[in-house]
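# An overview of the molecular structure
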Amino acid sequence: MADTFIIRDARPEDTAAILGFYPLAFPEEDLVPVAQELLSGGDEFLSLVAEKNGEVVGHVSYSLCGVEGAENSIYLLAPLAVTPALHKQGIGTALIKEGIARAKATGFKKMMVFGDPAYYGRTGFVTDSAITTPCPIPAEYEPGWQSIALSDDAESLSGVLKVPAIWQKPSLWGG
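Residues numbered from 1 in each chain as written. Predicted model: local features only at pLDDT ≥ 70, side-chain atom pairs only at ≥ 80, totals over all residues. Heavy atoms only, no water.

### With respect to the nonpolar core
So the rule is basically this: Working definition of a nonpolar core: buried Ala, Val, Leu, Ile, Met, Phe, Trp, Tyr and Cys residues. They are joined through side-chain atoms within 4.5 Å. A 1.4 Å probe rolled over the protein chains alone gives each residue an accessible area, and that area as a share of the maximum for its type sets the label: buried under 20%, exposed over 50%, partly exposed in between. For helices the rule is a DSSP run of H or I covering at least 4 residues; for strands it is a run of E covering at least 2, with both sets numbered from the N terminus onward. Note on definitions: a residue-residue contact is assigned when non-hydrogen atoms from the two residues lie within 4.5 Å.
In terms of nonpolar packing, the biggest core is built from 23 residues, with Y62, L77, I96, M111 and F125 touching the most fellow members. Of all elements in the fold, only β2 (45-52), β3 (55-67), β4 (70-82), α3 (91-105) and β5 (110-114) reach the threshold of two or more residues within this core. No other element matches α3, which puts five residues into this core. Residue contacts for M111: discarding those within four places in its chain leaves Y62, Y75, L77, G99, I100, A103, F125, Q146, S147, I148 and L150.

Below is the structure:
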């Protein structure tokens, strides 16, 4: 069927396509350097793409994180983008759901995201105050700090999120 898409691991040859649609999806933010670093990051990052008719049309990265006493037990979902011409076709949701499924299958306890509660709430994310961001966020953005539990003991996690170096920049947290 011509209107279907597949979700798969990102490959090095996908980089140009991925970096090409981030400025279109987020013209007010420069996410290209972040996406580029995450794509070349290695084992501490998982990158997935959506492919439609042989063309990469969506991308999401997950960064390996932790909190005190629970290292490497949390994924941070960011960034996520879909080429604008294909918005509202379920591609972003499919990328999120695949990441959640993979994280659960490999024993992760929780997934965090900093984004629109109306969008991420559709896939089960809820506002989270037990785990705090590595950089301060403005009060008006606090509802955007969300999580989804991936295991029965996820609620026991609390503290400051420990993130890879790329996420230690205050500008990425609204600061």
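### Overview of the layout of surface pockets
Rules: Method remark: on a 1 Å grid restricted to protein atoms, a set of points is classed as a cavity if a 1.4 Å probe fits but cannot get out and as a pocket if it is open with protein on both sides within 12 Å along at least five of seven lines; lining residues have an atom within 4 Å of a point. Grid points are joined across faces, edges and corners, and a volume is the space filled by probe spheres set on the points. Ten residues, namely Ala, Val, Leu, Ile, Met, Phe, Trp, Tyr, Cys and Pro, are considered nonpolar, four, namely Asp, Glu, Lys and Arg, are considered charged, and the remaining ones, Gly among them, are considered polar.
By volume, the largest pocket amounts to about 960 Å³. Residue lining of the largest pocket: 34 residues in total, with F26, L80, F114, G115 and Y120 positioned closest to the centre. Contributions of two or more residues to the lining of the largest pocket are made by β4, α3, β5 and α4 (117-120). Here the lining of the largest pocket takes seven residues from β4, the largest share from any one element. In terms of residue class, the lining of the largest pocket is built from 21 nonpolar, eight polar and five charged. Considering only enclosed or pocket space, the second largest pocket measures out at about 150 Å³ in volume. Taken together, D9, A10, R11, P12, T15, L38, L39, G41, G42, F45, L46 and S47 make up the lining of the second largest pocket. Elements that contribute at least two residues to the lining of the second largest pocket include exactly α2 (32-39) and β2. Here the lining of the second largest pocket takes three residues from β2, the largest share from any one element.

Any functional reading would require information that these geometric values do not contain.
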